[in-house]
Amino acid sequence: MSVSLNIPENVNIILKILKEAGYEAYIVGGCVRDAILGRTPGDWDITTSAMPEEVKTLFRRTIDTGIKHGTVTVLIRGEGYEVTTYRIDGEYEDGRHPKQVTFTRSLSEDLLRRDFTINAMAYHPETGLVDLFGGEADLKARTIRAVGVPNDRFDEDALRILRAVRFSAQLDFEIEPATLQSIADHAENLRLISAERIRVELTKTLVSDHPEKFMVFHDTGITKVLFPEFDQMLAMPQENPWHCYNVGRHTMEVVKGVPADPILRWAALLHDVGKLWTKTIDGEGKAHFYGHAKKSAEFAGDFLRNLKFDNHTIEMVCLFARHHDAWFDGSDKVTRRVISRVGKENFPALLQIARADAMAKSDYAKAQLLPKYDRVEEGYYRIMAANQCTTLKELAVNGGDLIKAGIKPGKEMGELLQSLLTHVIEYPEENVKEVLLERTLSSRS
Ligand code: ATP
Ligand code: MG
């Protein structure tokens, strides 16, 4: 059976130049996998028997991207392509850069170092597919299988156990039993892997088309190592009319229900973790979780900081966790109040989370919440269209106006402005300079 893949013109040029100079060259790894699947590859990686210095002499414009590891970026018509010399890897430091590598002139040695059969194929338009480990068959069977002996591969680099789950979530593939068992046996080794590498794989899993595969992290004991609170969430029932799932299952439903964006998926994953520390049971046997949103936001901050997330992501996830259960009654007044807490630009995303949250609750809760959220959304558009004030910046008076009116700058003035904001959130039509000044002066006399 011969596979024929669609390769971009620029990639073909690179393969041709290397070949004409007497070297072997193939596209390899993720792009071969994706091209066979009919997915658009993120990048086209080329592997070659030529040494990095040899590659550099063949192309006019190159960048030493990772020359020590054998990678040279070749620029063709403004586009960059990574060309990497066949190599045998030592231990990995991060996904692409092992601590020490040995170059080789043998393609099969290079393919042997790769993680999964579906990622270990090479292709050249003339030679066709080089598939030494049954990668094509595994693609057809939708299977993730380690190259060679799973235990050896995961001993070399424990990150691969996260990659296995991540690929299964991106592709909706199953992990074959021996590989899965070995993943479970290597979960503890994740303690040696850097936070940055872990962050990348967890996030890719969460934003994939099948974030429910996050459960594989639980089933293989990975969350026990990286996120033990998740296991506790799965073990915590919610005995009240609002819920039909335990905290963990509910959480997974919310994750699936929000758009595939890193901030939203992380916020969904962490929005209810605070329930672990706030659960109470009342006289009627009903569970309550007072103040859980605040606890969730605190936990999210610590957790994401440990994973070395950027400040913006941390801030946004905490904001959404903190306000995910904001109380609404459908009135524009209350909607403005919530908008003033989260910001106009963030409100639509908060509503997406609130809706996904509701969808993952009992029929009773859905009937209570969903119609209300429709009214909240209409209100939001009304508030935006009318340009109603929800921030100090939009207030019709500022500090300067108050100084002119004889009020001294300082703490008291800050409180005054804040109280005016609270007032106009309640009465938007009173966001008029004269009205607010009048109000201020009369309240002080
Ligand atoms: P994507 O780019 O969509 O995330 P990919 O398969 O291209 O997926 P990369 O991380 O870009 O993944 O790596 C390219 C190739 O390098 C992989 O297909 C695999 O063959 C190999 N590879 C990457 N990381 C590892 C690793 N930790 N262990 C073994 N092989 C790896
Ligand atoms: Mg790639």
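Residues numbered from 1 in each chain as written. Chains lettered and ligands numbered in written order. Predicted model: local features only at pLDDT ≥ 70, side-chain atom pairs only at ≥ 80, totals over all residues. Heavy atoms only, no water.

**Describing the environment of Glu 109**
With respect to the helices and strands, Glu 109 occurs in helix H4 (residues 107–112). Placed 319 residues apart in sequence, Glu 109 and Pro 428 show a C-alpha to C-alpha distance of 71 Å. (Helix = DSSP H or I, 4+ residues; strand = E, 2+ residues; numbered from the N terminus.)

**A closer look at the site of ligand 1**
Near ligand 1 you find 16 residues, and of these Arg 33, Asn 119, Asp 157, Arg 160 and Arg 166 are the closest. In this structure, Arg 160 approaches ligand 1 through a side-chain N or O atom, which is 2.6 Å from a nitrogen atom. In the environment of ligand 1, an oxygen atom lies 3.1 Å from a nitrogen or oxygen atom belonging to the side chain of Arg 163. For ligand 1, the accessible surface in isolation is 580 Å², of which the surrounding protein chains cover 87%. If you list the elements that add at least two residues to the shell around ligand 1, you get helix H2 (30–37) and helix H7 (159–171). Looking at the shell around ligand 1 residue by residue, the class counts come to two nonpolar, four polar and 10 charged. (Near = heavy atom within 4 Å. Polar contact = N/O pair within 3.5 Å; in protein donor to acceptor, adjacent residues only side chain to side chain. Areas by Shrake-Rupley, 256 points an atom, 1.4 Å probe, with all protein chains shown as cover. Nonpolar A, V, L, I, M, F, W, Y, C, P; charged D, E, K, R; others polar.)

**Some details on the domain arrangement of the protein**
Here the protein is described as being made up of domain 1 (9–133), domain 2 (150–222), domain 3 (229–384) and domain 4 (392–444). With five residues of domain 3 at the contact, the number on the domain 4 side is five residues. Between domain 3 and domain 4 lies a buried interface of about 440 Å² when both sides are counted; carbon and sulfur atoms form 52% of it. A per-residue breakdown of the area domain 3 buries against domain 4 is headed by Lys 333, Arg 336 and Lys 344, which together make up 76% of the total. For the pair domain 3 and domain 4, the interface holds two salt bridges. For Lys 333, the salt bridge is made with Glu 426, and the minimal N-O distance between the two is 3.8 Å. Between the two partners, domain 3 and domain 4, sit two residue pairs in polar contact (both at pLDDT 80 or more). The residue makeup of the side of domain 3 that touches domain 4, split by class, is no nonpolar, one polar and four charged. (Domains from an automatic or database assignment. Contact = heavy atoms within 4.5 Å. Buried area = accessible area lost by both parts, 1.4 Å probe. Salt bridge = Lys/Arg side-chain N within 4 Å of Asp/Glu carboxyl O.)

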